[in-house]
Amino acid sequence: MKNHIKINGKLLQTNKRFSQLKNSQKEWIATELYILYHNKMKEIRTTRKLPPDHRDAVISSLYEQIQNREIWIPYGEVKKYAFSKTTKIVKSFKKQFPKLSEEIEAEHANK
């Protein structure tokens, strides 16, 4: 019981890993991460990995949503998961939004 804390009458594991979540929770987190990351990429008009400050904002807003759904997992695990998926997210952005990607790359080429 050394790795557990009691919050609102619920016993929570403090050293929980991402792999210990239910499949439905993992899928929801993955989907939300892709949506938030893609929206931020559109907002700052880039087809590359996000700069650290924008990336941290995406991870923080994802973590807020996770807490709102009452899924308990440490922030560090969410951050580690997001880092592991970054390359896939960037590639999927180019596949999902090919015209927008071309527009953005053309803008950057003209600078």
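Check the entry above for the structure.
Residues numbered from 1 in each chain as written. Predicted model: local features only at pLDDT ≥ 70, side-chain atom pairs only at ≥ 80, totals over all residues. Heavy atoms only, no water.

**Q** In this structure, what is going on with the overall build of the chain? I would like to understand it.
**A** Helices and strands together make up the secondary structure of the chain, namely four helices and two strands. Starting at the N terminus, the α and β elements of the chain follow one another as β-β-α-α-α-α. Considering only residue pairs separated by 6 or more positions, the chain has 59% of its internal contacts joining residues 24 or more positions apart. Taken as a whole, the chain presents about 7,400 Å² of accessible surface, with 50% of it coming from carbon and sulfur. (Helix = DSSP H or I, 4+ residues; strand = E, 2+ residues; numbered from the N terminus. Contact = heavy atoms within 4.5 Å. Areas by Shrake-Rupley, 256 points an atom, 1.4 Å probe, with all protein chains shown as cover.)

**Q** Please clarify how the packing of helix α1 (residues 23-44) against helix α3 (residues 75-96) should be interpreted in this entry.
**A** The description of two helices packed together rests on the angle between their axes and the distance between the axes. Running from N to C, α1 and α3 cross one another at 60°; their axes reach a closest spacing of 10 Å. Considering the angle they form, α1 stands oblique to α3. Judged by the sense of rotation from one axis to the other, the crossing of α1 with α3 is right-handed. Side by side, α1 and α3 meet where I29, A30, L33, Y34, Y37, H38, M41 and K42 of the first sit next to Y81, A82, K85, T86, K88, I89, V90, S92, F93 and Q96 of the second. Residues belonging to the contact of α1 with α3 are distributed by class as follows: 11 nonpolar, four polar and three charged. (Axes fitted to C-alpha atoms, helices over the stretch in contact; angles between N-to-C directions. Parallel < 35°, antiparallel > 145°, perpendicular 65-115°, else oblique. Left-handed = near helix turned anticlockwise from the far one by under 90°. Nonpolar A, V, L, I, M, F, W, Y, C, P; charged D, E, K, R; others polar.)

**Q** Help me understand the packing of aromatic side chains in this model?
**A** Within a pair of aromatic rings, the relevant descriptors are the distance that separates the centres and the angle that separates the planes. Counted under the stated rule, the structure contains three aromatic pairs. Ring geometry for Y63 and Y75: centres 5.2 Å apart, planes at 85°, overall edge-to-face. Pair noted here: Y63 is in helix α2 (residues 52-68) and Y75 is in helix α3, with a separation of 12 residues, a long-range link. The class of Y63 is buried, set by a relative accessible area of 14%. Seen from their ring centres, F93 and F97 are 5.2 Å apart, and the 50° between their planes marks the pair as tilted. Take F97: its relative accessible area is 25%, and that puts it in the partly exposed class. Stacked on the ring of W28, the Lys or Arg R69 has its end atom at 4.4 Å from the ring centre. (Phe/Tyr/Trp six-rings, centres within 6.5 Å; stacked < 30°, edge-to-face > 60°. Buried < 20%, exposed > 50% of the residue type's maximum accessible area, 1.4 Å probe, protein only. Lys NZ or Arg CZ within 6 Å of the ring centre and 35° of its normal.)

**Q** What is the right way to look at α2 in this model?
**A** Its 17 residues give α2 an end-to-end C-alpha distance of 24 Å, which sits within 8% of 24 Å, the value for a rise of 1.5 Å per residue. For α2, the set of buried residues is R55, V58, I59, L62, Y63 and I66. Seen along its axis, α2 keeps its buried residues to an arc of 135°; they face one direction. Of the exposed residues in α2, the ones pointing more than 90 degrees away from its buried face are D53, E64 and N68. Residues of α2 that are buried sit in contact with α1 and α3. (Expected span 1.5 Å × (residues − 1). Arc of directions from axis to C-beta.)

**Q** Got a minute to help me understand the environment of Y37 in this structure?
**A** Among the secondary structure elements, Y37 is positioned in helix α1. Since its relative accessible area comes to 3%, Y37 is described here as buried. Sequence separation between Y37 and I59 is 22 residues, and the spatial gap between their C-alpha atoms is 8.7 Å.

Limitation: the analysis is restricted to geometry and does not speak to function.
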